[in-house]
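If you want the building blocks of each chain, they are given just below.
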Amino acid sequence: MATIIDGKKTSQDIKNEIATRVAEIKTEGGKIPHLAAILVGNDGASQTYVGAKVKACHEIGFESTLVRLDETISEEELLAKVEEINANPDIDGLIVQLPLPKHISVEKVTDKIKPEKDVDGFTPSNVGRMALNWPAYVAATPYGIVELLKRYNIETSGKHCVVIGRSHIVGSPMSILMARNGYPGNATVTLTHSRTQNLKEIAQTADILIVALGKPEFVTADMVKPGAVVIDVGIHRVEDASKKSGFRLIGDVKFDEVAEKASAITPVPGGVGPMTIASLLYNTLLAAEKKVYG
Ligand code: NAP
């Protein structure tokens, strides 16, 4: 049975470390980190995600501002709001919760965020800096995975890492991070997607398999090399009458059978998911302490 890579515990460890630093900053009379989140519209999932981020800020002693905007807001008005927060010296980090309504360009809004406040790591500037192995805000989910690999001392140098999925927020940055000269990194990386041929054969050669394609239980034991490290990014709700909530969460990996074969694996829930908020908080701390852009 594989080692279970416990994202819930690790994320709590990180939050405790950040809370300790915030307490020190308070004692030193320094600036308390302040995160602003813009939420456009009433999408239920987005409200839940933003709510969890604001709650986490309070738990660790950060200040937070939630800006709620009507879904009919124009692109121009939203861009003006971003500009206003960019110019507010009290706010260290800014996130704009996605998705945005169809009439608003995600690219334009992302590009408007000041890179120094882009704690989601989505702006072209931060993506470019990450690719160059410069100090950068790394997107929360890939950063969370890197932190899990680090804290579980997983060897990556010289290993074959196969990433399934090439999204801008998970797969692509993950492939860059694993190929960088550093730790975690120095892996030989294969980035796969929906046009990849012989995916099963490629996956079978992975020492580290990072799965982010958004298909429930897609990766089965026959796709996994014995002893591989498996990171499951997917999250899906499936109906389950035995649960009080009426549903349970599963990932992109068939956990039970893959756990029998892997050397280490992230569960769903409790693996990559909880790391995402911890990473965002960490980036906000870096922003407040001017540790990326100086
Ligand atoms: P996405 O934007 O939908 O991208 C999916 C990627 O998977 C695409 O690159 C797609 O290829 C590829 N793909 C689809 N079907 C495939 C197949 N049969 N074989 C190989 N590749 C295939 O997904 P995402 O935003 O990265 O999210 C992936 C999953 O992670 C989702 O379940 C999402 O809910 C979850 N997620 C979790 C967290 C977290 O905090 N834990 C954060 C973000 C996302 P093409 O490019 O060719 O279309």
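In case you missed it, the structure is sitting above this.
Attention in this report is confined to the structure presented alongside it. No experiment lies behind these values; they were computed from the predicted model shown.

So, the overall build of the chain
The secondary structure content of the chain amounts to ten helices and eleven strands. Computed over C-alpha atoms, the radius of gyration of the chain comes to 19 Å, within 12% of the 19 Å expected from 2.2 N^0.38 for 294 residues, which places it in the range of a compact globule. Dimensions of the chain along its principal axes, counting C-alpha atoms only, are 55 × 40 × 40 Å. Every one of the 294 residues in the chain was classed for burial, and the buried ones make up 48%. Taking contacts inside the chain between residues at least 6 apart in sequence as the whole, the part at least 24 apart equals 71%. On the chain, roughly 14,000 Å² of surface is accessible, and the fraction owed to carbon and sulfur atoms is 52%. Mean positive and mean negative side-chain charge positions of the chain (33 and 36 charges, respectively) differ by 2 Å.

What about the layout of surface pockets?
Looking at the largest pocket, its volume works out to about 1,600 Å³. As for the largest pocket, its lining consists of 49 residues, of which Tyr49, Thr141, Ile235, Gly273 and Thr276 are closest to the centre. Those elements that provide at least two residues to the lining of the largest pocket are helix 1 (7-28), helix 2 (44-60), helix 6 (140-151), strand 9 (236-239), strand 10 (247-250) and helix 10 (272-288). Among the elements that make up the lining of the largest pocket, the one with the highest residue count is helix 2 (nine residues). Partitioning the lining of the largest pocket into residue classes produces 26 nonpolar, 14 polar and nine charged. The residue makeup of the lining of the largest pocket includes at least three contributed by each of domain 1 (28-114) and domain 2 (140-275). Estimates place the volume of the second largest pocket at around 430 Å³. Lining the second largest pocket we find 20 residues, and of these Thr110, Phe122, Val127, His168 and Ile169 sit closest to its centre. Looking at the lining of the second largest pocket, the elements that each hand over two or more residues are helix 4 (106-112), helix 5 (124-131) and helix 7 (171-179).

Description of empty space enclosed by the protein
Tallied over the full model, the rule gives one cavity of 30 Å³ or more. Estimates place the volume of the largest cavity at around 70 Å³. Lining the largest cavity are Leu94, Ile95, Val96, Leu98, Val109, Thr110, Ile113, Asp118, Asp120 and Phe122. Every element with two or more residues in the lining of the largest cavity is listed here: strand 4 (93-96) and helix 4. The leading source of residues in the lining of the largest cavity is strand 4, at three residues. The residue inventory of the lining of the largest cavity, partitioned by class, reads seven nonpolar, one polar and two charged.

So, helix 6
Taking 1.5 Å of rise per residue, the twelve residues of helix 6 would be expected to cover 16 Å, and the 16 Å separating its terminal C-alpha atoms lies within 8% of that figure. Most of helix 6 is tucked away: ten of the twelve residues are buried. Here helix 6 has its buried residues at Ala140, Thr141, Pro142, Tyr143, Gly144, Ile145, Val146, Glu147, Leu148 and Leu149. On its buried face, helix 6 is in contact with helix 1, helix 7, strand 7 (208-211), strand 8 (229-232) and helix 10. Positive backbone phi, approximately 50 degrees, marks asparagine 153, located one or two places after helix 6.

So, the site of the ligand
As a matter of local geometry, the ligand sits amid 22 residues, with Arg166, Ser167, Ser194, Val233 and Thr276 nearest to it. Within the backbone of valine 233, an N or O atom sits 3.4 Å from an oxygen atom of the ligand. Here an oxygen atom of the ligand sits 3.3 Å away from a polar atom, N or O, in the main chain of isoleucine 235. Protein contacts shield 70% of the accessible area of the ligand, which totals 930 Å² for the unbound molecule. No other element matches helix 10, which puts three residues into the shell around the ligand. Residue classes in the shell around the ligand are distributed as ten nonpolar, ten polar and two charged.

How each quantity is defined
- Sequence order as written defines the numbering, with residues in each chain counted from 1.
- The model is predicted, so local features are restricted to residues of pLDDT at least 70 and side-chain atom pairs to those at 80 or more, both for listing and for counting; the totals for chains, interfaces and linings are taken over all residues.
- Only heavy atoms go into the side-chain values, all of them from the structure, while hydrogens and water stay out.
- Every helix listed is a DSSP run of H or I at least four residues long, and every strand listed is a run of E at least two residues long, numbered separately from the N terminus.
- Atoms considered for the radius of gyration are the C-alpha atoms alone. The globule rule reads 2.2 Å times the number of residues to the power 0.38.
- Burial here depends on accessible area, computed with a 1.4 Å probe over protein chains only, as a share of the maximum for the residue type. Under 20% is buried, over 50% is exposed, and the range in between is partly exposed.
- Should any heavy atoms of two residues lie within 4.5 Å, those residues are considered in contact.
- Here the Shrake-Rupley method, with its probe set to 1.4 Å, supplies the accessible areas, and only the displayed protein chains count as covering residues.
- The convention is simple: Lys and Arg are positive, Asp and Glu are negative, and His and the chain ends are not counted.
- The atoms used to mark charge sites are NZ of Lys, CZ of Arg, CG of Asp and CD of Glu.
- Only protein atoms enter the 1 Å grid, on which a cavity is a set of points fitting a 1.4 Å probe that cannot get out and a pocket is an open set with protein on both sides within 12 Å along at least 5 of 7 lines, lining residues being those with an atom within 4 Å of a point.
- Grid points are joined across faces, edges and corners, and a volume is the space filled by probe spheres set on the points.
- Just so you know the grouping, Ala, Val, Leu, Ile, Met, Phe, Trp, Tyr, Cys and Pro go in nonpolar, Asp, Glu, Lys and Arg go in charged, and all remaining residues, Gly too, go in polar.
- An automatic or database domain assignment provides the domain bounds reported here.
- To estimate the expected span of a helix, count its residues, drop one, and scale the result by 1.5 Å.
- To be near a molecule or strand, a residue needs just one of its heavy atoms within 4 Å of it.
- For this analysis, a polar contact is any N or O atom pair within 3.5 Å, provided that within protein one partner can donate a hydrogen and the other can accept it, and provided that sequence-adjacent residues contribute only side-chain to side-chain pairs.

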